[in-house]
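These are the residues of each chain, in order.
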Amino acid sequence: MKLSRRSILLGAGSLPFAVASLRTGALAQTAPTTQNAEVPPILFVHGNGDYDALWMTTLWRMESNGIARDRMAAINFTDPNARSDDKVEQANRSSTEDQRRELAAAIADLKRRTGAARVALVGSSRGGYAIRNVIRNGGAADVSHAVLCGTPNHGVFATDDQPNNEFNGRGTFLRSLNEGESEVTPGTAFLTLRSDGMDKYAQADGRFIGKPGTPTGVTVEGPELKGATNLVLGALDHREVAFHPRAFREIYKFIAGREPARIAIVPEQSVRLSGLVTGTPGGVSTNRPVAGATVDVFRVDPDTGERRGGAVHSAKTGADGRWGPAQVEPSWFLEFVLTSPDAPTTHIYRSPFARSSDVVHLRAARPLGPADKDAGAVVIMSRPRGYFGLPRDVVLLDGKEPADVKPGVPTDSAATLRLPAAEAGRNIVAQFGEERIVARAWPASENRIAIAELTY
């Protein structure tokens, strides 16, 4: 296939917050009901340390373009973090073979449910490794399209040491995927999406992987593949090339063969939310369910973060770790209170959910540590679907640019505000672009942490 590259530059003020507007006195029209039968079922694959919840807004955009929810799936790898040595067992971490096996099972399940002969796969970062691995090792006949978003196809680094690290471009795993004149498997259409210099895992200098001044051996073109359609999406960061509206457009167009009818998310009249409570055994984030956790959901005032009445939903997780479903309105700002064994009580503040979702996953905040010992309250601003870019983005926490967000190439997806005891209990505004969340600073003395979690 002839290589093509298209660079779409994004202005520093561009904003990804795109929900279809509400009509006066009523919700906007619901999404089209046409099932787009000619579009193959789509399976979304998350990256290192992540979970399927990151695809929530992409699923909403697909639904808003008439793709039936039951023709889509998002895998939740049991242990999403890679091993430091792919050949050596590590507690709560996965090998490339673990991921290939889980993905192959998910493909088979989606084919069985839909009756389709082939499915399309869309992967973020490390998820692209699992996609390429399953296609190259016997799965090509099952996969019509493969979209790799920010996947470090030629490594995060390329050196002669650490030969069994899967992120090493000169290592055993990536050499096996990249050997040959073409780096893609015939019979499957491949698309890569990458950043134009703003991906922290496609940098020539090792400072972004803890080795400042050391050449990595990779370049900004590292995510591209010989034989694929390779697109450049401008100043998007490592995660945005999967989850930004610009990325959605290219993903949809490549799989469906036409432009999406809309980029904005069409709100539903009634919204049901549910998800999984997961934990961090041994300090490693996993997608293993947590039993015995309690989840309380409150409607809050969008301007103050204060609760509007009692809990609209309360649940205790069983062995499957599931909570919900909670019935809410698409205009409600919400507070999720997660009380999980051996973890701080975590207050998670969220923007309104425009549509229903069963991937509203909750993970308790990390324990209060030495850096928090003098804090009266700890508030975290989190952006799971992207990083904070300064000066690219509007990023304000309590009215100021966070001191722990580094300027330049976006590397930080969380910012932390520590307040003196006298300020515990007051409200804190977290602002990213047009998305604004108001959280309450709960007392750290009660082993509580607040998280303002951005959706866009």
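Refer to the structure above for everything that follows.
What comes next concerns the included structure. Please read these numbers as outputs of a predicted model, since none were measured by experiment.

1. Observations regarding the overall build of the chain
So, point 1. Along its length, the chain carries 6 helices and 19 strands.
So, point 2. Relative to the compact-globule value of 23 Å for 456 residues, the chain shows a C-alpha radius of gyration of 21 Å, a close match.
So, point 3. Based on the C-alpha atoms only, the size of the chain along its principal axes is roughly 65 × 55 × 45 Å.
So, point 4. Expressed as a percentage of its 456 residues, the buried residues of the chain come to 58%.
So, point 5. Residue pairs in contact within the chain that sit at least 24 positions apart in sequence constitute 72% of those at least 6 positions apart.
So, point 6. Roughly 17,800 Å² of accessible area belongs to the chain as shown, and the carbon and sulfur atoms make up 51% of that amount.
So, point 7. If you average the places of the 54 positive and of the 51 negative side-chain charges in the chain, the two averages end up 3 Å apart.

2. A look at the pattern of salt bridges
So, point 1. Using the criterion set out here, one finds 37 salt bridges in the structure.
So, point 2. Across the pair Arg112 and Asp109 runs a salt bridge, and its minimum N-O distance is 2.5 Å. Taken together, the residues Arg112 and Asp109, both in helix α2 (residues 96-114) and 3 residues apart, mark about one turn of the helix.

3. Section: helix α3 (residues 126-139)
So, point 1. A large share of α3 lies buried, amounting to 11 of its 14 residues.
So, point 2. By the burial criterion, the buried members of α3 are Arg126, Gly127, Gly128, Tyr129, Ala130, Ile131, Arg132, Asn133, Val134, Ile135 and Gly139.
So, point 3. Buried residues belonging to α3 abut β1 (42-45), α2, β3 (119-124), β4 (143-149), α4 (172-178) and β5 (189-194).

4. As for the pairing of β4
So, point 1. Most of β4 sits out of view: 7 of its 7 residues are buried.
So, point 2. Sheet topology note: the β3/β4 ladder contains 6 bridges and is parallel. Paired with Ser124 across the bridge in β4 is Cys149.
So, point 3. Once you follow β3 into α3 and on to β4, the crossover reads as right-handed.
So, point 4. Between the parallel elements β4 and β5, the chain passes through α4 in a crossover that is right-handed.

What counts, and where the lines are drawn
Residues numbered from 1 in each chain as written. Predicted model: local features only at pLDDT ≥ 70, side-chain atom pairs only at ≥ 80, totals over all residues. Heavy atoms only, no water. Helix = DSSP H or I, 4+ residues; strand = E, 2+ residues; numbered from the N terminus. Rg over C-alpha atoms; globule rule 2.2 N^0.38 Å. Buried < 20%, exposed > 50% of the residue type's maximum accessible area, 1.4 Å probe, protein only. Contact = heavy atoms within 4.5 Å. Areas by Shrake-Rupley, 256 points an atom, 1.4 Å probe, with all protein chains shown as cover. Lys, Arg positive; Asp, Glu negative; His and termini not counted. Charge placed at Lys NZ, Arg CZ, Asp CG, Glu CD. Salt bridge = Lys/Arg side-chain N within 4 Å of Asp/Glu carboxyl O. Pairing = 2+ DSSP bridges. Right-handed = clockwise from strand over helix to strand, strands pointing away.

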